Amino acid sequence: MEATFLAQNFVPLMFAGLFLLLLTGFPVAFGLAATGLAFGFIGMEAGLFPATLFQALPSRIFGIMQNDTLLAIPFFTFMGIILERSGMAEDLLETVGQVFGPLRGGLAIAVILVGALLAATTGVVAAAVISMGLISLPIMLRYGYSRVIATGAITASGTLAQAIPPSLVLIVLADQLGRSVGDMYAGALIPGLLLVGLYILFIVMVALFKPALVPPLPPEARIYKEGNGASGHKSLLFLVLLCAAAGVAWAQVHNTLLTAWLARPLPAAKDEVVILSMTLASLLGLALAIVNRVTGMGLLSRLAERVTFVLMPPLILIFLVLGTIFLGVATPTEGGAMGALGALILAIGKRRLSMPLLKQALENTAKLASFVLFILIGSTVFSFTFNAADGHFWVESLFKGVPGGAWGFLVVVNILIFVLGMFIDFFEIAFIVIPLLAPVAEKILPGLVPGMTADDAMIWFGVIIAMNLQTSFLTPPFGFALFYLRSVAAKFDYRDRVTGATIPAVTTAQIYKGSIAFIILQLIMVASIMLFPNLVTGGIDKVDKLNADQVLEQLQMPKSEEEIKEEADAAAAQPGEPKAAEAAEEDPMKALEEATKKDAKKP
């Protein structure tokens, strides 16, 4: 009786045991492993599993440790820490704030743009939110920004690190879904940029209809003015237009030059043209600024020169890292290694690389990599027992009764991920929940959209999950980004060091309230991706696939002129078609083709 009850309710009991163990505060990685081992031994004692259940476990664990894809995590983490600790965030926020500050809402737009740049270089939410909370929030409060808009812009732009490549979330999701990290990056790029545009559009609308909430920087706060009092924006605009013209000109001749140089039979892909054009435009701007500085010609304003020296190096690094991945020149792991090296070079160039900084970056990278590895090992032990108990069939049966079929599955999964994201870290969601949902998604999602392949469907599913996790990072009362900002925002009234005025403390309620508008924007983006899958799949390179007949045709060796002449003479001497057996003897590939066609016709 007990054995029957255990067999019928084994999977729910496993989840209940894991839930109770996690409630005690036991670390997630060890809780997963302990639950998997305990229930595995219980199942073996009850006769549900063979005694050899865990024999393959050591080889599986060693396989995890040898996974080259996961090496990208420490590389990108190290790159982000070096760039963040070397003062890149401060420089970007100050410089971009000076560019957009004279506009209403300009500081908030600067925070969003810098958040996107930090996301593309650091890929870590905590670093982005804390950096912008320490630097931007006091400035925005000093000049009369709405606390709701200021805190919302900082927390929302910080969470962009979840969805914009080289996000750690996308690397982990690609690994768990069994898909290419490069395809996941390509699929997430357009939705991530559209979300940035949606944020900026919201700030523009606030500036138009509620201008008092987002005032411009006063003239005395603009620190890069010229000697005659000019702001320097005209010189910056001219430089941008010149670099853009150079990029467009290169795009026109890219195919002609590179196709002839590399002797390629096919024209270059669009993403290759765009990435190389933007890289060359950035390099041109940097070169012009260097020449202007060295020669003392004074052709560029202080603002234009400052923007070039601060903005172009990280942009070039982004183009090189992501560009090589998108173009297939480098794997994500190799791209991460190149990004880590580039971050070290940038830090050395700014004379900010020190031994304490390097040691701190290495320690934090090792901690995060170990954290991810142990969670993955624990989830592997848990999944061993879970799969032995046919848990994936149990999960599939849960979603069979969901109204709406595949669309119902997508909605329920998004609600589940949204709620879980408020309580647990995205690594834990990726390693515990995603492996349970992936088999069901792979079975039912490809048929949801006509013409969508299984690979496209899983990349689409992964980007939806990443966007959803980003939304949950903002959701009160447990959104992680809100906690990060709360940890650095002023908890008590303070006297501003510039104006001397007393600035009231930032309350937790104001931080929570500020996130609501941006949560709505993110939910709109999630819904848009679900309704328009081409936003994701349109950025993935399509590879033409051959059918069986085309494969056989490619395998056949071309006949020589002598063989063709002999066949023609034989056909003239013996009119009529040769028998199938004779044809098979003369051409084995023809026989294989005929056999394949016969098998295809069988019911």
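Residues numbered from 1 in each chain as written. Predicted model: local features only at pLDDT ≥ 70, side-chain atom pairs only at ≥ 80, totals over all residues. Heavy atoms only, no water.

**Examining helix α16 (residues 355–388)**
Our working definition: Each helix corresponds to a stretch of at least 4 residues labelled H or I by DSSP, and each strand to a stretch of at least 2 residues labelled E; elements are numbered beginning at the N terminus. To estimate the expected span of a helix, subtract one from its residue number and multiply by 1.5 Å.
Between the first and last C-alpha of α16 there are 49 Å, a value that for 34 residues agrees with the 50 Å anticipated at 1.5 Å per step. Backbone geometry just downstream of α16 places D390 in the positive-phi region, at approximately 55 degrees.

**Side note on the packing of helix α7 (residues 106–121) against helix α14 (residues 302–326)**
Relative placement of two packed helices is described by the angle separating their axes and the distance separating the axes. Keep this limit in mind: To get an axis, fit a line to the C-alpha atoms, keeping to the stretch in contact for a helix; angles then go from 0 to 180 degrees between the N-to-C directions. Any angle between 65 and 115 degrees counts as roughly perpendicular, while under 35 counts as roughly parallel, over 145 as roughly antiparallel, and the rest as oblique. For a crossing to be left-handed, the near helix must be turned anticlockwise from the far one by less than a right angle; the clockwise case is right-handed. Here, two residues are considered to be in contact whenever any of their heavy atoms come within 4.5 Å of each other.
Packing of α7 against α14 leaves a shortest axis separation of 10 Å and a crossing angle of 45 degrees. When the axes of α7 and α14 are compared, the pair comes out oblique. Between α7 and α14 the crossing geometry is left-handed. Here L117, A120 and T121 of α7 lie close against α14, whose contacting residues are L311, P314, L315 and I318.

**Structural notes on a nonpolar patch on the surface**
In plain terms, the rule: Nonpolar side chains (Val, Leu, Ile, Met, Phe, Trp, Tyr) within 5 Å and like charges within 9 Å form the patches, drawn only from residues with over 30% relative accessible area and no salt bridge. Using a 1.4 Å probe, the Shrake-Rupley method yields the accessible areas, and only the shown protein chains count as cover for residues. Note on definitions: salt bridges are taken to be side-chain nitrogens of Lys or Arg within 4 Å of carboxyl oxygens of Asp or Glu. Exposure classes here rest on a 1.4 Å probe applied to the protein chains alone. A residue is buried below 20% of its type maximum, exposed above 50%, and partly exposed in between.
A cluster of nonpolar side chains, contributed by V411, I415, V419, F423, F478 and F483, occupies part of the molecular surface with about 530 Å² of accessible area. In terms of residue count, the dominant contributor to the nonpolar patch is helix α18 (residues 405–420) (three residues). Within the element layout of this structure, V419 appears in helix α18. Judged by relative accessible area, V419 falls into the partly exposed class, the value being 36%.

**So, the environment of N9**
Structurally, the position occupied by N9 is in the loop between α1 (2–8) and α2 (10–23). The exposure class of N9 is partly exposed, given its relative accessible area of 25%.

**Remarks on the packing of helix α9 (residues 147–158) against helix α22 (residues 480–488)**
With their axes 9 Å apart at the nearest point, α9 and α22 run at an angle of 120 degrees to one another. The angle between α9 and α22 falls in the class oblique. Every pair of crossing elements has a handedness; the one defined by α9 and α22 is right-handed. For the pair α9 and α22, contact is made by T151, I154 and T155 and by A481, L482 and L485, respectively.

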